[in-house]
Amino acid sequence: MAEAMQTAQALPVGSEGKRSGGWWGVLALIVTEGSLFGYLLFTYFYLASQSEQHWPPDGLPELLIPGVNTVILLASSVFVWVSERCIQRSMLLCSLVSMALAHILGVCFVAIQFNEWSKTTYDMTSNLYGSLYFTITGFHMLHVIVGLVILMALLLWIALGYFDHRRYAAVTIGGLYWHFVDVVWLFVFTTLYLTPYLY
Amino acid sequence: MTNVDQSMLDLNFCRVPEMGSAPVGSAAETRLARLWESAPGWRGWLSTVDHKTIGLRYLVTAFIFLLMGGVEALIMRLQLARPDQTLLTPEQYSQLFTMHGVTMIFLYSLPILSGFSNYLWPLMLGSRDMAFPRLNALSYWIFLFSGIFLYASFPLGEAPNAGWFNYVPFAGLEYNTGPNIDVYALGMVLLGISTTVGAVNFIVTLFRMRAPGMSIDRVPILVWGTLTASVANIFAVPSVSLAFFMLWLDRQAGTHFFDVLNGGKPLLWQHLFWMFGHPWVYAVVLPAMGIVSDALPTFCRRPLVGYSAVALSTMATMLLGFGVWIHHMFATGLPTLALSFFGAASMVISIPSAVAVFAWIATIWLGRPVFTTPFLFFAGFVILFVIGGLSGVMTAAVPLDFQLNETYFIVAHLHYVLIGINVFPVVGGIYYWFPKFFGRMMNETLGKWSFWVMFIGFNLGFFPMHLAGLLGMPRRIYTYAPHMGWTAVNMVTSVGSFVFAAGILIFLVNILVSLKRGVPATSNPWDAPTLEWAMPSPPPVYNFAVIPFVASRHPLWEDRLDEGVGRSSLEQGYLLMEGRETIGTTPLDAKPDIILKMPDDSYTPFFLGLFSALVFVGLLLHWRDFTVLMVLACSLSLTVWMWPRQALVQRVQDIEHDKEAAHG
Ligand code: HEM
Ligand SMILES: [Cu+2]
């Protein structure tokens with residue numbers, strides 16, 4: 001028997017928060033998805049820095065609505081965080097309401113972003129900038145939609161009473177993914193909306 | 001931690017794992033077997049999540065791809081055997097070398113190593129399965145489907161033809177209007193999903209699924225190799241997936257990423273491709289080197305010399321690999337990009353690789369070698385490694401000599417690297433672990449024949465390619481004129497290739513014969529030191545009747561080595577049989593941390609894999625509605641997959657639990 005190995009100690013069973021496999025798996029997923037966005041933004045800067053076209057072709061982007069939208073998305077993250085905190089204390093209703101709010105804010109983000117898309121005078125095929133803009137925001141949108149499906153599932157599961165203070169790993173894990181999607185947006189936002197002002 | 005205290009009372013959420021032993025035939029053992037068994041027949045076949053089955057599937061599938069790539073190569077060698085042959089048209093030759101490269105690099109060399117690691121990791125680490133058994137199944141199915149997908153345009157005579165690194169603009173719509181490049185692009189994105197989820201699984205498994213006491217400095221080198229490869233992959237694969245996806249968008253959706261006329265940059269392709277390509281080459285050799293580092297010592301009757309140095313050099317190699325990609329990013333102008341990738345890669349790899357080579361040589365030197373077939377393959381590997389390394393240094397020493405870099409010299413070099421460092425360890429590894437896989441020994445006589453025929457054929461076939469290169473023969477030409485002076489070398493090369501292929505054939509015959517008539521294997525026929533040899537051959541479905549406690553790097557050699565502080569405990573350990581259970585430990589020192597509930601067999605991985613593949617089929621054929629439908633089917637499968645289950649204690653509601661019955 002290996003020395004100093006305590007064998008008679010009680011251990012948690014099953015998906016226990018940050019000890020669960022899922023938590024570690026999502027961390028790894030975030031690393032690889034983070035790299036994906038890294039490469040996307042690398043592509044943007046690489047092509048933008050060598051472009052002879054006027055950049056962005058339509059002049060500097062307008063900041064107000066995208067800025068507000070950014071705040072909306074971040075607020076959504078805050079509510080996901082609150083929802084997790086509540087479930088830790090077995091405050092189911094609080095958790096449910098926060099999750100619902102988070103979801104609604106996420107949907108608002110999507111709606112506003114779609115509206116932004118429809119306002120542009122270019123599309124994916126018009127020019128290089130259009131290709132980049134729509135691919136990058138499109139990739140992010142895809143992640144937001146996946147995130148919203150996850151939040152929806154969490155909402156349902158909380159409502160069904162699946163979780164309380166003892167087991168709620170799904171909320172922790174799904175929440176982490178949502179925070180990731182929101183943080184990525186900050187990078188996308190900075191790249192597409194703020195850096196054009198720098199040159 | 002307050003919640004833990006509260007739930008202490010509830011055994012469903014927190015309990016002291018039972019210690020005990022479960023010898024074969026005991027009630028406990030029977031119960032374990034029932035818990036972990038797959039359903040008989042096709043249902044079990046489609047739904048199994050057993051890492052051993054999945055590992056074997058990976059091995060067999062990847063080996064079939066090796067044979068397919070091999071046949072393509074032999075056809076090329078027939079064409080090149082003599083000057084002015086007309087067996088193949090130039091277009092057919094382009095498709096063949098491209099498909100050969102794609103098959104060998106993507107469908108054979110990494111998947112075969114994933115096969116070994118999938119099968120062996122839990123056994124070596126003292127666990128009952130990988131961290132994510134269902135993800136494991138998914139990664140296999142997607143690998144299989146993407147392989148089929150990549151070959152789909154081959155029968156139409158429209159296979160990818162722009163070389164395996166597929167440079168634009170040649171891979172653009174202008175030069176390649178057919179479906180070939182689209183198939184390649186989408187197939188690679190699909191395969192990327194498989195590689196990524198597989199890598200995530202390995203990483204989490206290493207950090208969470210080791211037996212108590214197997215601290216990070218006690219894991220076998222194969223584990224280090226695969227871990228390093230997996231970490232590299234989760235950073236690198238998105239790069240190539242993105243590149244292929246953007247290429248597909250350019251071709252089919254009218255974007256302009258690589259389109260020179262509209263400000264796009266073909267160079268972007270090369271950046272993204274090589275950011276991935278450099279680490280990838282390490283990913284396909286490091287686990288293979290791990291196989292040798294683990295298996296060679298068994299036949300030298302002593303532990304590997306310099307365990308820590310080899311483990312560190314494994315990781316150093318990967319770090320350098322990422323460094324090499326950076327030279328692509330900051331180097332101005334083209335010369336660096338034009339450098340052969342294998343040339344540059346091997347220049348850097350040679351430093352930490354030298355450490356590994358010295359460790360292997362020292363192990364043989366200081367040991368008492370037993371000249372069995374696996375030993376021959378591993379020793380042969382060391383020799384080829386040195387030759388490949390030398391030719392690598394040569395190409396790297398003439399980095400600006402474009403002549404040499406686009407000649408057969410590089411073809412010779414890359415085959416020494418890939419066959420020497422991947423195929424030889426793989427075949428040796430199969431000889432070594434075959435008894436564990438199937439419970440039978442492989443035939444030694446046939447084994448020795450297969451080694452010598454392969455070894456001689458390989459050197460006969462590929463060494464003269466160096467010469468062809470020095471004589472100025474360019475790569476990727478479909479034929480040559482008689483007066484060029486390349487006739488003799490090419491004939492020798494072609495003959496050697498067929499001899500090498502014959503060696504592989506002997507190996508296959510040996511497998512078939514041994515499966516049927518091999519001598520039954522004991523649990524540890526080679527008297528090896530590591531945990532996978534602690535259980536019967538083939539291993540029972542649950543791997544370990546009790547979760548062992550590990551006290552050293554060589555649990556089965558403790559009596560003679562006396563290196564650890566204590567003794568490992570293999571008979572006595574955690575029973576863990578309230579359902580499929582295993583232990584989760586802390587990442588570094590492997591202290592028991594959690595009782596993990598493992599999922600049952602499930603069809604969802606198969607269906608999710610199938611639907612994902614169909615999404616790509618839909619994209620390829622521009623079937624819009626079908627694609628949307630398949631995306632919905634994927635989401636549905638994922639929802640079913642993720643639904644919190646009581647059996648896995650992912651949720652709290654009304655857990656019915658009868659402890660007495662459970663022990664009955
Ligand atoms: C019987 C064994 C093999 C033979 C006879 C063989 C032969 C060849 C030939 C004739 C070419 C084309 C050279 C040219 O025209 O430029 C080639 C290319 C290549 N081979 Fe092999 N090969 C064999 C096994 C392998 C294996 C096992 C791997 C990898 C694990 C591999 C990887 C490659 C790669 C990456 C290329 C470059 C393809 C390209 O230019 O796009 N080969 N091989
Ligand atoms: Cu390079």
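From a predicted model like this one, the values you see are computed outputs, not experimental measurements. (Residues numbered from 1 in each chain as written. Chains lettered and ligands numbered in written order. Predicted model: local features only at pLDDT ≥ 70, side-chain atom pairs only at ≥ 80, totals over all residues. Heavy atoms only, no water.)

**Things to note about the layout of surface pockets**
All names here are of chain B.
Right, so step 1: Considering only enclosed or pocket space, the second largest pocket measures out at about 830 Å³ in volume.
Right, so step 2: Along the walls of the second largest pocket sit 36 residues, with A73, H100, M104, H415 and F462 positioned nearest its centre.
Right, so step 3: Mapped onto the lining of the second largest pocket, the elements with two or more residues apiece are helix 4 (51-81), helix 5 (90-125), helix 15 (408-438), helix 16 (444-470) and helix 17 (487-517).
Right, so step 4: Sort the elements by how many residues they give to the lining of the second largest pocket and helix 4 lands first, with nine residues. (1 Å grid on protein atoms, 1.4 Å probe; cavity = no way out; pocket = protein on both sides within 12 Å on 5 of 7 lines; lining within 4 Å. Points joined across faces, edges and corners; volume = space filled by probe spheres on them. Helix = DSSP H or I, 4+ residues; strand = E, 2+ residues; numbered from the N terminus.)

**Considerations on the packing of helix 5 of chain B against helix 7 (residues 180-208) of chain B**
Residue and element names in this part refer to chain B.
Right, so step 1: Interhelical geometry of helix 5 versus helix 7 gives an angle of 20° and a closest axis separation of 11 Å. By the angle between their directions, the pair helix 5 and helix 7 is classed as roughly parallel. Regarding helix 5 and helix 7, the two cross each other, and that crossing is left-handed. Of the residues in helix 7, those in contact with V102, F106, L107, L110, S114, S117, N118, W121 and L125 of helix 5 are Y184, M188, L191, T195, F202, T205 and L206.
Right, so step 2: Partitioned by chemical class, the residues of the contact of helix 5 with helix 7 number 11 nonpolar, five polar and no charged. (Axes fitted to C-alpha atoms, helices over the stretch in contact; angles between N-to-C directions. Parallel < 35°, antiparallel > 145°, perpendicular 65-115°, else oblique. Left-handed = near helix turned anticlockwise from the far one by under 90°. Contact = heavy atoms within 4.5 Å. Nonpolar A, V, L, I, M, F, W, Y, C, P; charged D, E, K, R; others polar.)

**Re the state of the cysteines**
All names here are of chain A.
Right, so step 1: If you walk through the whole model with that rule in mind, you get one disulfide over all chains.
Right, so step 2: In this model, C86 is linked to C94 through a disulfide, with the two sulfur atoms separated by 1.9 Å.
Right, so step 3: Overall, C94 belongs to the partly exposed group, its relative accessible area being 25%. (Disulfide = S-S within 2.5 Å. Buried < 20%, exposed > 50% of the residue type's maximum accessible area, 1.4 Å probe, protein only.)

**Concerning a nonpolar patch on the surface**
Right, so step 1: Together, V71, I75, L78, L87 and F498 of chain B line one region of the surface with nonpolar side chains, adding up to about 410 Å² of accessible area.
Right, so step 2: No other element matches the three residues that helix 4 of chain B contributes to the nonpolar patch. (Patch = residues over 30% accessible without salt bridge, like charges linked within 9 Å, V, L, I, M, F, W, Y side chains within 5 Å. Areas by Shrake-Rupley, 256 points an atom, 1.4 Å probe, with all protein chains shown as cover. Salt bridge = Lys/Arg side-chain N within 4 Å of Asp/Glu carboxyl O.)

**Regarding the sheet that holds strand 4 (residues 569-574) of chain B**
Residue and element names in this part refer to chain B.
Right, so step 1: Ordered by their spatial adjacency, three strands build an open sheet running 2-4-3, and the pairing between neighbours is antiparallel. This sheet does not close on itself; its edge strands, each paired only once, are strand 2 (19-20) and strand 3 (547-549).
Right, so step 2: Direction of pairing for strand 3 relative to strand 4: antiparallel, over a ladder of two bridges. Considered in strand 4, the bridge of I547 is made with Y574. (Pairing = 2+ DSSP bridges.)

**Concerning the site of ligand 1**
Residue and element names in this part refer to chain B.
Right, so step 1: Around ligand 1 there are 23 residues in total, and Y93, H100, H415, R475 and R476 lie nearest to it.
Right, so step 2: Between ligand 1 and Y408, the relevant distance is 3.2 Å, taken from an oxygen atom to a side-chain nitrogen or oxygen of the residue.
Right, so step 3: In the environment of ligand 1, an oxygen atom lies 2.9 Å from a nitrogen or oxygen atom belonging to the side chain of R475.
Right, so step 4: Under a 2 Å grid-point criterion requiring more than half of the atoms, the pocket assigned to ligand 1 is the second largest pocket.
Right, so step 5: Taken together, the elements giving at least two residues each to the shell around ligand 1 come down to helix 4, helix 5, helix 15 and helix 17.
Right, so step 6: In terms of residue class, the shell around ligand 1 is made up of 15 nonpolar, five polar and three charged. (Near = heavy atom within 4 Å. Polar contact = N/O pair within 3.5 Å; in protein donor to acceptor, adjacent residues only side chain to side chain. Sits in = over half its atoms within 2 Å of the grid points.)

**A look at the confidence of the model for chain B**
Note that predicted coordinates carrying low pLDDT should not be read in detail.
All names here are of chain B.
Right, so step 1: Per-residue confidence for chain B gives a mean pLDDT of 90, with 91% of residues at or over 70.
Right, so step 2: This model gives residues 328-338 a pLDDT under 50, and the stretch forms 18 contacts once residues within four places in sequence are excluded.
Right, so step 3: Confidence drops under a pLDDT of 50 for residues 655-664, and excluding neighbours within four residues, the segment shows 11 contacts in the predicted structure.
Right, so step 4: With a pTM of 0.94, the predicted complex shows an ipTM of 0.95. (pLDDT = per-residue confidence, 0-100.)

**Remarks on the side chain of H165 of chain A**
Residues and elements named next belong to chain A.
Right, so step 1: Topologically, H165 is positioned in the loop between helix 4 (128-159) and helix 5 (169-194).
Right, so step 2: Judged by relative accessible area, H165 falls into the buried class, the value being 18%.
Right, so step 3: Here the side chain of H165 touches S90 through a polar contact of 2.7 Å, side chain to side chain.

**A word on empty space enclosed by the protein**
Residue and element names in this part refer to chain B.
Right, so step 1: Scanning the entire structure with this criterion turns up five cavities of 30 Å³ or more.
Right, so step 2: By volume, the largest cavity is sized at about 220 Å³.
Right, so step 3: The wall of the largest cavity is formed by 25 residues, among which L110, S114, T195, G198 and F202 lie closest to the centre.
Right, so step 4: At the level of elements, helix 5, helix 6 (133-151), helix 7, helix 8 (221-252) and helix 9 (266-300) are the ones that each hand at least two residues to the lining of the largest cavity.

**Some words on the nonpolar core**
Right, so step 1: F106, F116, W360 and F424 of chain B are the most contacted members of the largest nonpolar core, which has 258 residues in total.
Right, so step 2: Excluding residues within four positions of it along the chain, F116 of chain B makes contact with L59, W121, I291, V426, G429, I430, W433 and F437 of chain B.
Right, so step 3: Judged by nonpolar contacts, the second largest core, of 11 residues, contains L11 and V13 of chain A together with I547 and V649 of chain B. (Core = buried A, V, L, I, M, F, W, Y, C linked by side-chain atoms within 4.5 Å.)

**Focus: the interface of chain A and chain B**
Right, so step 1: At the interface, 54 residues of chain A touch 74 residues of chain B.
Right, so step 2: Buried area between chain A and chain B, both sides added, is near 5500 Å², and the carbon and sulfur share of it is 69%.
Right, so step 3: Viewed at the interface, chain B and chain A are joined by one salt bridge.
Right, so step 4: R19 of chain A serves as the salt-bridge partner of D593 of chain B, at 3.8 Å between the closest nitrogen and oxygen.
Right, so step 5: Linking chain A with chain B are 15 residue pairs in polar contact (both at pLDDT 80 or more), by the criterion used here.
Right, so step 6: Looking at the side of chain A that touches chain B, the elements that each hand over two or more residues are strand 1 (11-12), helix 1 (21-50) and helix 4 of chain A.
Right, so step 7: In terms of residues, the side of chain A that touches chain B owes the most to one element, helix 1 of chain A, which gives 17 residues.
Right, so step 8: Looking at side-chain class alone, the side of chain A that touches chain B contains 28 nonpolar, 20 polar and six charged residues. (Buried area = accessible area lost by both parts, 1.4 Å probe.)

**Considerations on the side chain of T585 of chain B**
Residue and element names in this part refer to chain B.
Right, so step 1: By secondary structure assignment, the location of T585 is in strand 5 (residues 581-585).
Right, so step 2: For T585, a relative accessible area of 0% puts it in the buried group.
Right, so step 3: Looking at T585, its side chain comes within polar contact range of the main-chain oxygen of R210, at 2.8 Å.
Right, so step 4: Contact partners of T585, with chain neighbours within four places excluded, come to F207, R208, M209, R210, A211, P212, A590, K591, P592 and D593.

**Considerations on unusual backbone geometry**
Right, so step 1: Along the chain, W55 of chain A connects to P56 of chain A via a cis peptide bond; the corresponding omega equals -15°.
Right, so step 2: You can see P56 of chain A is positioned in the loop between helix 1 and helix 2 (64-88).
Right, so step 3: Here the amide bond leading from V168 of chain B into P169 of chain B is cis, since omega sits at 5°, within 30 degrees of zero.
Right, so step 4: Structurally, P169 of chain B can be placed in the loop between helix 6 and helix 7.

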